[in-house]
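# Notes for the structure review
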Amino acid sequence: MTGQIKSLDEYHSEYARSVADPEGFWAEQASSFEWRKPWKQVLKWNFREPKVNWFGGGRLNITENCLDRHLATRGKQTALIWEPNDPKRKARKITYKQLYGLVCQFANALKAQGVKKGDRVCIYMPMTPELSVALLACARIGAIHSVVFAGFSAVSLADRIKDAKASVVLTSDYNSRGPKNIPVKQVVDEALALGCDSVRHVIVHQNTGDPLQMVEGRDIWWHEAVKGKRKSCKATAVDSEDMLFILYTSGSTGKPKGVVHTHGGYMVYTEYTFRNVFQYQDGEVYWCTADIGWITGHSYIVYGPLLAGATSVMFEGIPTFPDPGRFWAVIQRHKVNIFYTAPTAIRALMAAGDQWVKGRRMPSLRVLGTVGEPINEEAWQWYHERVGKKRCPIVDTWWQTETGGIMITPLAGITPLKPCFATLPMPGIQPCLVDANGHEIEGNDVEGMLCIKYPWPSILRTTYGDHERCRQTYFATFKDKYFTGDGARRDADGYYRIIGRVDDVINVSGHRIGTAEVEDAINKAPRVVESAVVGYPHDIKGQGIYAYIITSGPIADMAAFKKEVLDTVTKEIGAIAKPDKIQVVPGLPKTRSGKIMRRILRKIAEGDTSNLGDTTTLLNPEVVDEIKQGAKSA
Ligand code: WT7
């Protein structure tokens, strides 16, 4: 691998070079990988269509760089340490050689089921090593994986299967999460009953071994599928710009869209960022607590760490099982050096009390990381003092599903920290702040909407099946810029602080939820006429979901009605999208053109009704007072 940035001076010079000569800079990074055929052109792009091509004409397979390349030097090194949900069970260690064998064997099984290059494979699995194997096996044969977080409902899963026209679904029998045993395969059955005509086969991994129903001719056990298959499988060479995966994410309008990443650029960028942000040293143990169902897991549990030849921990369970000391116990047990988690987990463990972390020395810890949402000062300080014992730098990494990898972040131990600041852009990343008129705001000590001016290797290429939606969502708001949807501040030192979404997206426990999506779900509940959903500050989740609902008549049993709404949202989307507060209202504040004034609803949800701004232009100003009154009982 190319070297690591080792000092702040080096960071600044590498950054300057990446801006002055982006193609030279990224070509140098890319040349440390194995390519079947070198690229012809480093970069070709425009943000108008948009069209971005990195390492065009190059041929490769990302799994050869994750696995084969390491076999000679690290075959016996542990690639994966799997920590099961049940702390009494033994951890499972998988070496690079073994992982190679498992991936090849399953790749052969997929081929035997007729999966070919370019086919979409939907993966709906809990956090077991087979989940990583599933992603890599798809990539090995050039199939496109579409992982759906195993907490989504059957309806959500069906939507995603249909959108991607997946031919195969990979799943597990059950998901062991804390005290629960969740019937995952049953959700797949329910989804397929909703008319997913493209699906030919379901491959079921036996995780807990509890009994379940198999569908004759359609369902195959994982262990049967791999029986007799060889543990080697020549990787399919693909073009740099061939699709590696689709990952669905929520936006401000409509249904979730399938963000598309491609082989070459994604490989180069996830490895570069993993190695530099965490300053990973050979032999260290790294642990990212995310679920592979989200981008953090794709880039920083599966691809980034394996590309860099790291040893990484994968955890099946939840932070509070069997008690809120679990994370610290796992860190001690596996001597974790680098720990990467989300602010919501930090706040939840902080709220559980200091006694869980107090006696834990955790001398192995060297670097702490956070991701997914803005971290508040109190949580930052607690993480720094109680977990890191004031010795460990915290890398507050800002990025998105669409960016593929970490964009604005400190480099561990190199960038001087400021609590709650994501600090400085990675080399190759050219952020800017833009005002409401689309003008770039120059200078420091300013605030605006965060955009990126120049492509980086792992920028999204399209939204699956609907390129126009990609253009509209990310490239049409501001000319020639990628728009992130976030607001940010650049302070006097040029450091970035992410404020939060400026669109109708709520960030609940680090998960992105579109207000429109939740409204659509709520509107399916009995007696709901119309609804409006906004975010509000929540002590643990960062943001909570507040739903205002107009009903078709008076509600006699309010508790029963609210339960019906929650059940409907759980069925349509999943438990993560359940509103925290529900208020039945006589009307919604609307402009004369019929648009809901969300600004007012947000203020009321925040509990700040002192200054609601000008409401005289509303079609129905009288409704505002009634909503204010009713808010107390939400
Ligand atoms: C949105 C992206 C990328 C990993 C997981 C979330 C928010 C992400 C930070 C951070 C403040 C953050 C932004 C962003 N976000 N990281 N360090 N500080 N906000 O991925 O679901 O695509 O959500 O998460 O609002 O736009 P995602």
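Preceding this paragraph is the structure being described.
Residues numbered from 1 in each chain as written. Predicted model: local features only at pLDDT ≥ 70, side-chain atom pairs only at ≥ 80, totals over all residues. Heavy atoms only, no water.

Here the focus is the site of the ligand. Near the ligand, the surroundings consist of 17 residues, among which D396, T397, T401, D486 and R512 are the closest. Here G372 contributes a backbone N or O atom positioned 3.1 Å from a nitrogen atom of the ligand. Between the ligand and the protein, one listed contact pairs an oxygen atom with a side-chain N or O atom of Q400 at 2.8 Å. If the ligand stood free it would expose 560 Å²; the protein chains cover 96% of that surface. Those elements giving two or more residues to the shell around the ligand turn out to be α10 (295-307), β20 (394-397) and β26 (496-501). (Near = heavy atom within 4 Å. Polar contact = N/O pair within 3.5 Å; in protein donor to acceptor, adjacent residues only side chain to side chain. Areas by Shrake-Rupley, 256 points an atom, 1.4 Å probe, with all protein chains shown as cover. Helix = DSSP H or I, 4+ residues; strand = E, 2+ residues; numbered from the N terminus.)

A separate point is empty space enclosed by the protein. Any empty space left between atoms is shown by rolling a water-sized probe over those atoms. Using the criterion set out here, one finds two cavities of 30 Å³ or more in the structure. What the largest cavity holds in volume is close to 40 Å³. If you trace the largest cavity, you find it lined by V147, V148, F149, F152, R160, L247, Y248, G293 and W294. A class-by-class count of the residues in the lining of the largest cavity yields seven nonpolar, one polar and one charged. Around the second largest cavity sit P50, K51, V52, I459, L460, R461, C470 and F475, which together line it. Broken down by secondary-structure element, the contributors of at least two residues to the lining of the second largest cavity are β2 (51-56) and α15 (467-475). Across the lining of the second largest cavity, the residue classes tally to six nonpolar, no polar and two charged. (1 Å grid on protein atoms, 1.4 Å probe; cavity = no way out; pocket = protein on both sides within 12 Å on 5 of 7 lines; lining within 4 Å. Points joined across faces, edges and corners; volume = space filled by probe spheres on them. Nonpolar A, V, L, I, M, F, W, Y, C, P; charged D, E, K, R; others polar.)

A separate point is the nonpolar core. F106, I123, L170, F278 and Y303 are the most contacted members of the largest nonpolar core, which has 117 residues in total. Residue contributions to this core peak at nine residues, all from helix α4 (residues 96-112). Those residues in contact with F278, other than ones at most four positions away along the chain, are T273, Y286, Y300, I338, Y340, R366, V367, V395, I406 and A412. In this structure, A166, A521, I555 and I582 belong to the second largest nonpolar core, which totals 41 residues. (Core = buried A, V, L, I, M, F, W, Y, C linked by side-chain atoms within 4.5 Å. Buried < 20%, exposed > 50% of the residue type's maximum accessible area, 1.4 Å probe, protein only. Contact = heavy atoms within 4.5 Å.)

Before going further, it helps to examine the layout of surface pockets. One number sums up the size of the second largest pocket: a volume of about 240 Å³. In terms of lining residues, the second largest pocket is bounded by 17 residues, among which G251, S252, K257, T473 and D503 are the most central. Mapped by element, the contributors of at least two residues to the lining of the second largest pocket are α15 and β25 (482-490). Its residues placed into classes, the lining of the second largest pocket shows three nonpolar, eight polar and six charged.

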